[in-house]
Amino acid sequence: MTSSWIDQMMGRVAYYFAVQSGRRLNLEWKVFDWVELNITDATWEGYGGDAGSSILPEVTKKIGDDLGIYDHVLLVIDKADSFSARRSGRYTHFGAQSLTPAIVAHELGHFYGSGHANLESATGPVEYGDAFCVMGAEGGKYSFDDTDLQGVGAPTPPISHGPGMVAPNLEACTWIDLHDPQVSNDLSKTLLDHGEAIADLYPLRGSPPVDWQGPSVVATMDLPTKGQRIVIEYRIHEDWDRALPAVPSGGRGWVVIHLATGIGRGTTSLSLAAIPATLGSTVYIPRARFRITVATLDPEKEQLTLRVDRDRLFVFWKGAGEDQRLFFNSTADGGNFTEQRVVRGAGGTSEGPAAAALHGRLYTIWKGSTTDPRLFYSISADGLDYLDQMLLPGAGGTSHSPAAAASSNRLYVAWKGAGEDSRLFFNSSPDGTTFDEQKTIPGTGGTSHGPALATSTSRLYVAWKGASTDERLFYCSTGDGVTFSDQKVIPGTGGSSHAPAMAVLRDRLYVAWKGAGSDNRLFYNSSADGLTFTDQKVIPGTGGTDDSPSLASFNNRLFVAWKGANGDQRLFANSSADGTNFSEQQIIPGTGGSNHRPTIAMLPDP
């Protein structure tokens, strides 16, 4: 490796930073030839990361120049066991055999204000784990072999360079302002007001120049935690990002989502997700509780449009009277609902449906129309468009409403047997497509109505009313979907003529039900451990029902939905933030009524 090659490499690094900074940075440098230090290996090792200041006098004397005039000094060490790089103050030490433009850009990125590019994982942040940024790990980030630097005096290829810097780290270097409306499309207010937002994005190629007048290269959304924002950028296969992974279906790049914490210098970056920039590609961001979907894509104009949807509470129901169509509507705030729509591709039902979410997809399950006991289901990625109905594999049929819930990354469906068969059955799927064969739920004594399902602290709970005229409410649970606890009467419950409902709010299991016999009041109780339950109470603010209620957790509130009593087919709802104080009932806006209970579910499942 020659000093002339290092000088050539620094020219490439300077150009890289000119692009990444939007021409705000003009990097000047000078390369000195190799000098031999009059020290032993042991002395060198003893310096640790502070060799710069220790060797400065000898180096200065041998090169005949004052290194004190430079803002930053890069020391390249030609030593067999010296690898990678380490920064200490104004000095950065590089092992010669690790010297590439990528690692130099990384270390200088620190000097200009950037931290590491980290990645969110199930076990916590992974330092250096973001492969879309030069501030990620050497050998792990999407660097390319810079063939322009091959030649006399060059190290053995590959000579890694790139990728570009992610937007939060550009802000940490003060080269981009993520609050600048010419650069960033802030979706915060639109999402808050409407529950959904649209953003047009053009590729991020480093920071736009100072006089940039749009279009937007990032979309941002403020989070409740002060100083935290979601930052979305579009990166394409070109120039510094030419080594990004290939994208199927003709896409040119990736939509990359980060959590940025802080403002300006000191901003930190945590990669949350990356999806191919292809039409319909979608991802849910649990930390922000919204879904991002590629809505349109124009490769020629290098533009894509994203749709961002907050969590939504969905209501599904059978039509009123003889109308066996399946309807739905939804809300982003629990108060303002969309107008009802028919679930397209559904053949109808004579009972209330079930709904649950798994891996960001919404599943609706229902019994067939009139006397058809078969179980059908449909899938939606956005809660708006549904696949044509499919038979639920492995299911033998039912005469009442099924139940559904996600637990341990599986979709579970449970139902009463068809006709006079009072046994309780279930099956499950890891992907919402491949289902195992139905099994009876062990240890259960049967029911005359459909069951209820809910997941709390990694256990799947099943609840049901007794068989025939037995109005007691029972429950059992499983931690693995195979071995179930023996059934028990739910403590503190007075019985019901219909199926109960269950949901979990802040790790507390809630059960709700219609009263026994002709008692149309709505009752509930709850448990923190699935063993000890509170005594039943009437749900405040409710006018009664002659069918089962439905429960769901949404926006940190417990929602209850039900049809009216004594033939009243209107659909009502109320909610509680603490499981004690409930709002007054309201008619669910935009609903046409039903003669069976509705079901409510959140996309995605909490």
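Residues numbered from 1 in each chain as written. Predicted model: local features only at pLDDT ≥ 70, side-chain atom pairs only at ≥ 80, totals over all residues. Heavy atoms only, no water.

J.: Before we go on, may I ask you to explain the overall build of the chain in this structure?
T.: Looking only at helices and strands, the chain has 6 helices and 39 strands in total. For the chain, the residues scored as buried account for 54% of the 606 residues in total. Sequence separation of at least 24 residues holds for 51% of the intrachain contacts in the chain that already meet a minimum separation of 6. For the chain, the accessible surface area stands at approximately 24,700 Å², while carbon and sulfur atoms represent 50% of it. Taken as two groups, the 50 positive and 67 negative side-chain charges of the chain have centres that lie 6 Å from each other. (Helix = DSSP H or I, 4+ residues; strand = E, 2+ residues; numbered from the N terminus. Buried < 20%, exposed > 50% of the residue type's maximum accessible area, 1.4 Å probe, protein only. Contact = heavy atoms within 4.5 Å. Areas by Shrake-Rupley, 256 points an atom, 1.4 Å probe, with all protein chains shown as cover. Lys, Arg positive; Asp, Glu negative; His and termini not counted. Charge placed at Lys NZ, Arg CZ, Asp CG, Glu CD.)

J.: Explain the packing of helix 1 (residues 3-20) against helix 4 (residues 101-111) to me, please; I cannot follow it from the model alone.
T.: Two measures define how a pair of helices packs: the angle their axes make with one another and the distance between the axes. Contact geometry of helix 1 with helix 4 gives a least axis separation of 10 Å together with a crossing angle of 50°. Accordingly, the angle class assigned to the pair helix 1 and helix 4 is oblique. Two packed elements cross with a definite hand, and for helix 1 against helix 4 that hand is right-handed. Between helix 1 and helix 4, the residues in contact are M9, M10, V13, Y16 and F17 and P101, V104, A105, L108 and G109, respectively. Residues that form the contact of helix 1 with helix 4 fall into these classes: 9 nonpolar, 1 polar and no charged. (Axes fitted to C-alpha atoms, helices over the stretch in contact; angles between N-to-C directions. Parallel < 35°, antiparallel > 145°, perpendicular 65-115°, else oblique. Left-handed = near helix turned anticlockwise from the far one by under 90°. Nonpolar A, V, L, I, M, F, W, Y, C, P; charged D, E, K, R; others polar.)

J.: Help me out: how do you make sense of the sheet that holds strand 2 (residues 85-88) in this one?
T.: Each strand in a sheet pairs with its neighbour through backbone hydrogen bonds, running either in the same direction (parallel) or in the opposite one (antiparallel). Spatially, 3 strands are ordered 1-3-2 in an open sheet, and the strand pairing comes out mixed. A strand with exactly one partner marks an edge of an open sheet, and here the two such strands are strand 1 (73-77) and strand 2. Geometrically, the sheet is characterised by an average inter-axis angle of 20° between neighbouring strands, direction not taken into account. The pairing of strand 1 with strand 3 (residues 91-95) spans 5 bridges and is parallel. Each bridged residue has a counterpart across the sheet, and for L74 the counterpart in strand 3 is T92. (Pairing = 2+ DSSP bridges.)

J.: Explain the pattern of salt bridges to me, please; I cannot follow it from the model alone.
T.: Two side chains carrying opposite charge are able to pair once their charged atoms lie near each other. Per the stated rule, a full pass over the model turns up 26 salt bridges. When the shortest N-O distance is used, the salt bridge between K62 and E58 registers 3.1 Å. Highlighted residues: K62 and E58, both in helix 3 (residues 51-63), separated by 4 residues, approximately one helical turn. Taking the shortest distance from any N to any O, the salt bridge between R242 and D239 comes out at 3.9 Å. Assessed through its relative accessible area of 36%, D239 is described here as partly exposed. Here the residues in one salt-bridge network are R205, E238, R252 and E302, joined through shared partners. (Salt bridge = Lys/Arg side-chain N within 4 Å of Asp/Glu carboxyl O.)

J.: Help me understand the sheet that holds strand 14 (residues 290-298) in this model?
T.: If you trace the 4 strands from one edge of the open sheet to the other, you get 8-15-14-13, paired in antiparallel fashion. With one partner strand each, in any of the chains shown, strand 8 (196-201) and strand 13 (282-285) form the two edges of the open sheet. Each neighbouring strand pair of the sheet contributes to a mean axis angle of 20°, computed without reference to strand direction. Pairing analysis gives 4 bridges linking strand 13 to strand 14, with the strands arranged antiparallel. Within strand 14, the position partnered with V283 by the bridge is I292.

J.: When you look at the packing of aromatic side chains in this model, what are you seeing that I'm missing?
T.: The description of an aromatic ring pair rests on the distance of the ring centres and on the angle between the ring planes. Counting across every chain of the model gives 29 aromatic pairs. Here the aromatic rings of W44 and Y47 are separated by 6.3 Å at their centres, their planes lie at 80°, and the arrangement is edge-to-face. Of this pair, W44 and Y47 both sit in helix 2 (residues 41-47), 3 residues apart, roughly one helical turn. Note on W44: relative accessible area 12%, which makes it buried. On the basis of relative accessible area, Y47 is assigned to the partly exposed category, the value being 23%. (Phe/Tyr/Trp six-rings, centres within 6.5 Å; stacked < 30°, edge-to-face > 60°.)

J.: Got a minute to help me understand the nonpolar core in this structure?
T.: Generally speaking, a soluble globular protein has its nonpolar side chains buried in company with each other. Residues M9, F17, V104, Y112, M165 and W175 are the most contacted members of the largest nonpolar core, which totals 45 residues. Taken together, the elements giving at least two residues each to this core come down to helix 1, helix 4, helix 5 (167-172) and strand 11 (253-261). Among the elements that make up this core, the one with the highest residue count is helix 1 (9 residues). Not counting residues within four places of it along the chain, the set of residues in contact with Y112 comprises F17, L25, L27, A172, C173, W175 and R265. (Core = buried A, V, L, I, M, F, W, Y, C linked by side-chain atoms within 4.5 Å.)

J.: Which parts of the structure should I look at to understand the side chain of H498?
T.: When you line up the elements, H498 lands in the loop between strand 30 (488-489) and strand 31 (501-505). Side-chain polar atoms of H498 contact the side chain of S497, separated by 3.0 Å. In this structure the side chain of H498 is engaged in a polar contact, spanning 3.5 Å, whose partner is the backbone oxygen of D546. Those residues in contact with H498 that lie beyond four places of it in its chain are H449, K465, L473, K514, D546, D547 and S548. (Polar contact = N/O pair within 3.5 Å; in protein donor to acceptor, adjacent residues only side chain to side chain.)

J.: What is the right way to look at the pairing of strand 10 (residues 228-236) in this model?
T.: On a regular strand, one side chain projects to one face of the sheet and the next to the other, so that they alternate. Of all the 9 residues making up strand 10, 9 are buried; the element is thus mostly covered by neighbouring parts of the structure. Residue alternation in strand 10 divides its side chains into two sets, Q228, I230, I232, Y234 and I236 and R229, V231, E233 and R235, and both sets are buried. Here 5 bridges tie strand 9 (residues 218-222) to strand 10, and the two strands are oriented antiparallel to one another. Pairing of M221 across the sheet is with I230, part of strand 10. Between strand 9 and strand 10, which pair antiparallel in sequence order, lie 5 residues; one of them, G227, sits at a positive phi of approximately 85°. Across 9 bridges, the pairing between strand 10 and strand 11 is antiparallel. Counted as the bridge partner of I236 is G253 from strand 11.

J.: Any chance you could explain the side chain of R597 here in plain terms?
T.: By the secondary structure assignment, R597 is in the loop between strand 38 (586-587) and strand 39 (599-603). For the buried residue R597, which engages in no salt bridge, the nearest side chain bearing the opposite charge is D547, 5.7 Å off. Within the structure, the side chain of R597 is placed 2.7 Å from the backbone oxygen of P353, a separation counted as a polar contact. Reaching out from R597, the side chain makes a polar contact with the backbone oxygen of P402 at a distance of 3.4 Å. Not counting chain neighbours up to four residues away, the residues in contact with R597 comprise G352, P353, S401, P402, D547, S548, P549 and K563.

J.: Please explain helix 1 as it appears in this structure.
T.: Along its 18 residues, helix 1 runs 25 Å from first to last C-alpha, staying within 8% of the 26 Å computed at 1.5 Å per residue. Taken residue by residue, helix 1 has W5, I6, M9, M10, R12, V13, A14, Y16, F17, A18, V19 and Q20 as its buried positions. The inward-facing, buried residues of helix 1 contact strand 1, helix 4, strand 5 (144-145), strand 6 (160-161) and helix 5. Just past helix 1, the residue G22 takes up positive phi, approximately 65°. (Expected span 1.5 Å × (residues − 1).)

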